[in-house]
Amino acid sequence: MECEATVAQGSSILIKRSVVYEAPPGSSSITIHSFWLHWNTMLYRRKGDEWKKVEDDSCSWRIMDDPDIDVNVSQHEDFTSLEGGEAWTLSYTLDTTDMGDIPRGVAAGDVFRYRFMGVELDWWDWGGKKEHAETTVKVPCFIHGRVVDPEDNGGRPKLVVPASDFVEFTIV
């Protein structure tokens, strides 16, 4: 992960996160359900000599009872194909305004740490977009959820994306 070391109070900070497929060039490509790489982050705020987890006080829920839907893994935005040594990169902002991602009541000098906590991917397979031109999986009707079929990833071993190092920034 990367970000600037300082951010002006009331503005936003650009976060850049990359996941690299650590395989030599020429290795078999891989296709992953990259949706889960967007989530599972944690923000901490320094209070004295301790780091305190910033709790997310937002809440949301929904009830969806429509049938699961088929998506083509070579065409859907939540699936990514990578060659050996290639990176999947996500850039987004954290908002430091009172209604944003950073808690209310921040002041100049407040220090935060942020990290991706890692994730076990629910679906992956060898091969790129070309090899998966006809591959479909079932996802919940709201699309942004775990692959429900095949539920065991076709018997392939679990693929874990490890946690990132912390990035740290100070409000100025």
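Scoring rules and cut-offs
- Residues numbered from 1 in each chain as written.
- Predicted model: local features only at pLDDT ≥ 70, side-chain atom pairs only at ≥ 80, totals over all residues.
- Heavy atoms only, no water.
- Pairing = 2+ DSSP bridges.
- Helix = DSSP H or I, 4+ residues; strand = E, 2+ residues; numbered from the N terminus.
- Salt bridge = Lys/Arg side-chain N within 4 Å of Asp/Glu carboxyl O.
- Buried < 20%, exposed > 50% of the residue type's maximum accessible area, 1.4 Å probe, protein only.
- Core = buried A, V, L, I, M, F, W, Y, C linked by side-chain atoms within 4.5 Å.
- Axes fitted to C-alpha atoms, helices over the stretch in contact; angles between N-to-C directions.
- 1 Å grid on protein atoms, 1.4 Å probe; cavity = no way out; pocket = protein on both sides within 12 Å on 5 of 7 lines; lining within 4 Å.
- Points joined across faces, edges and corners; volume = space filled by probe spheres on them.
- Nonpolar A, V, L, I, M, F, W, Y, C, P; charged D, E, K, R; others polar.
- Contact = heavy atoms within 4.5 Å.

1. Digging into the pairing of strand β4 (residues 41-47)
Line of reasoning, step 1. As defined by bridge partners, β4 adjoins strand β9 (residues 111-116) across 5 bridges and the pair is classed as antiparallel. Its bridge partner lying in β9, Met42 is registered against Arg115.
Line of reasoning, step 2. In this sheet, strand β5 (residues 50-53) lies alongside β4 in antiparallel orientation, the contact comprising 4 bridges. Within β5, the position partnered with Arg45 by the bridge is Lys52.

2. Thoughts on the pattern of salt bridges
Line of reasoning, step 1. Within this structure, the stated rule accounts for 6 salt bridges.
Line of reasoning, step 2. Ionic pairing is found between Lys52 and Glu50, a salt bridge with its closest N-O pair at 3.1 Å.
Line of reasoning, step 3. With relative accessibility at 42%, the residue Lys52 sits in the partly exposed group.
Line of reasoning, step 4. Using a relative accessible area of 45% as the deciding quantity, one classes Glu50 as partly exposed.
Line of reasoning, step 5. The shortest N-O distance in the salt bridge between Asp70 and Lys138 comes to 3.1 Å. Here Lys138 lies in strand β12 (residues 136-139) and Asp70 lies in strand β6 (residues 69-72), a separation of 68 residues in the sequence.

3. Concerning the nonpolar core
The tendency in soluble globular proteins is for nonpolar side chains to be buried side by side.
Line of reasoning, step 1. In this structure, Leu37, Leu94, Phe112, Tyr114 and Phe169 are the most contacted members of the largest nonpolar core, which totals 30 residues.
Line of reasoning, step 2. Listed by contribution, the elements that provide at least two residues to this core are β2 (12-20), β3 (30-33), β8 (87-95), β9, β10 (119-121) and β14 (167-171).
Line of reasoning, step 3. Looking at this core element by element, the count peaks at 4 residues for β8.
Line of reasoning, step 4. Core analysis: the second largest hydrophobic core is formed by 7 residues, Val71, Val73, Val139 and Val147 among them.

4. Comments concerning the sheet that holds strand β7 (residues 79-82)
Sheet strands associate in pairs through backbone hydrogen bonding, adopting either a parallel or an antiparallel arrangement.
Line of reasoning, step 1. An order of β7-β3-β11 is seen for the 3 strands of this open sheet, with the pairing classed as antiparallel. On the outer flanks of this sheet lie β7 and β11 (124-126), each paired with one strand and no other. Along the sheet, successive strands turn relative to each other by an average axial angle of 15 degrees, direction set aside.
Line of reasoning, step 2. Judged from the 3 bridges that link them, β3 and β11 form a sheet pairing that is antiparallel. Bridged to Thr31 within β11 is Asp125.

5. Side note on the pairing of β7
Line of reasoning, step 1. Of the two faces of β7, both are covered, the one formed by Phe79 and Ser81 as well as the one formed by Thr80 and Leu82.
Line of reasoning, step 2. Relative to β7, β3 is paired through 4 bridges, and the arrangement is antiparallel. Within the sheet, the bridge partner assigned to His33 lies in β7 and is Phe79.

6. Section: the layout of surface pockets
Line of reasoning, step 1. A volume near 410 Å³ is recorded for the second largest pocket.
Line of reasoning, step 2. Among the elements of the structure, β2, β3, β11 and β13 (159-161) are those that each provide at least two residues to the lining of the second largest pocket.
Line of reasoning, step 3. The greatest single-element share of the lining of the second largest pocket, amounting to 4 residues, is contributed by β2.
Line of reasoning, step 4. Classifying every residue of the lining of the second largest pocket gives 16 nonpolar, 2 polar and 2 charged.

7. So, the side chain of Ser29
Line of reasoning, step 1. Mapping Ser29 onto the fold places it in the loop between β2 and β3.
Line of reasoning, step 2. Overall, Ser29 belongs to the buried group, its relative accessible area being 8%.
Line of reasoning, step 3. Ser29 has contacts with Tyr21, Leu82, Glu83, Trp126, Gly127, Gly128 and Glu131, leaving out every residue within four places of it along the chain.

Just geometry here; none of it tells us what the structure is for.
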